[in-house]
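If you want the building blocks of each chain, they are given just below.
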Amino acid sequence: METSCYHDKPVLAAIENLEIISETAAVDLDDLPYNTVRETHEGIEAAQNLCHFLAARSGWWTDLQTGLPKIPEAVNIPEKLMLIVSEVAEAMEGDRKDLQDDKLPHRKMLEVELADALIRICDLAGYLKLDLAGAVIEKLAFNQKRADHSLAQRQQAGGKAY
């Protein structure tokens, strides 16, 4: 079995957990081809690795005063999270005004700013050595069994509209 470059545990541990999680799921993820789930996991993991590698190589994880890698105590996680929020806010503004992006004008601003948010999420997850891919797969499986995510529950009075 393959292993993650960030963890000693198997890369596909989250996929193996689907057997437990999907037993009570409204839509069984086991109905999906194994390769679909595996490729999704591997794709998210690859995006996380790439985003963090490029950010680190560009110096975003370097202390500007010393030129050395930032020590964990010097990383402001709330600040990093708010930078992600700012990208989502920019995406909303682009959608609200139906704007093209100013740096990639062939693309909608909504699309590019969501990409920026994803890049920042993957970069942060990479720095923190999180198993983002596994968490996404497990969360997808978990959400399938949530009553409040079913169409019938959402159509009821007080159900989630979005």
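Residues numbered from 1 in each chain as written. Predicted model: local features only at pLDDT ≥ 70, side-chain atom pairs only at ≥ 80, totals over all residues. Heavy atoms only, no water.

Draft legend 1. A look at helix 4 (residues 109-127). Helix length check: helix 4 (19 residues) gives 27 Å between terminal C-alpha atoms against 27 Å at 1.5 Å per residue, within 8%. For helix 4, every residue scored as buried is listed here: Met109, Val112, Glu113, Ala117, Cys122, Asp123, Leu124, Ala125, Gly126 and Tyr127. Residues of helix 4 that are buried in the fold lie against helix 2 (34-57), helix 3 (77-97) and helix 5 (132-144). Phi turns positive, to about 55°, at Lys129, one or two residues after helix 4. (Helix = DSSP H or I, 4+ residues; strand = E, 2+ residues; numbered from the N terminus. Expected span 1.5 Å × (residues − 1). Buried < 20%, exposed > 50% of the residue type's maximum accessible area, 1.4 Å probe, protein only. Contact = heavy atoms within 4.5 Å.)

Draft legend 2. Expanded view of the environment of Ala117. Tracing the backbone shows Ala117 in helix 4. A residue is classified by how much of its surface remains accessible, and Ala117, at 4% relative accessible area, is buried. A C-alpha to C-alpha distance of 8.1 Å links Ala117 and Leu83, two positions 34 residues apart in sequence. When residues no more than four places from it in sequence are discounted, the contact partners of Ala117 are Ile84, Glu87 and Val88.

Draft legend 3. Representation of the environment of Ala55 in the model. Counting through the fold element by element, Ala55 comes out in helix 2. For Ala55, a relative accessible area of 9% gives the class buried. Separated by 69 residues in the primary sequence, Ala55 and Leu124 have C-alpha atoms spaced 9.5 Å apart. If we skip the residues at most four places from it in the chain, Ala55 touches Trp60, Trp61 and Asp123.

Draft legend 4. Summary view of the layout of surface pockets. Reported here for the largest pocket is a volume of approximately 310 Å³. Along the wall of the largest pocket there are 15 residues; nearest its centre are Ala55, Trp60, Ile119, Arg120 and Asp123. Of all the secondary structure elements, the ones that give two or more residues to the lining of the largest pocket are helix 2, helix 3 and helix 4. Top contributing element to the lining of the largest pocket by residue count: helix 4, with 5 residues. (1 Å grid on protein atoms, 1.4 Å probe; cavity = no way out; pocket = protein on both sides within 12 Å on 5 of 7 lines; lining within 4 Å. Points joined across faces, edges and corners; volume = space filled by probe spheres on them.)

Draft legend 5. Focus on the confidence of the model for the chain. Looking at the chain as a whole, its pLDDT mean stands at 85, while 80% of the residues score no less than 70. pLDDT under 50 marks residues 1-12. Its contacts with residues more than four places away, or in other chains, come to 27 contacts. Under a pLDDT of 50 for its full length, residues 20-27 has, in the predicted model, 15 contacts with residues more than four places off or in other chains. (pLDDT = per-residue confidence, 0-100.)

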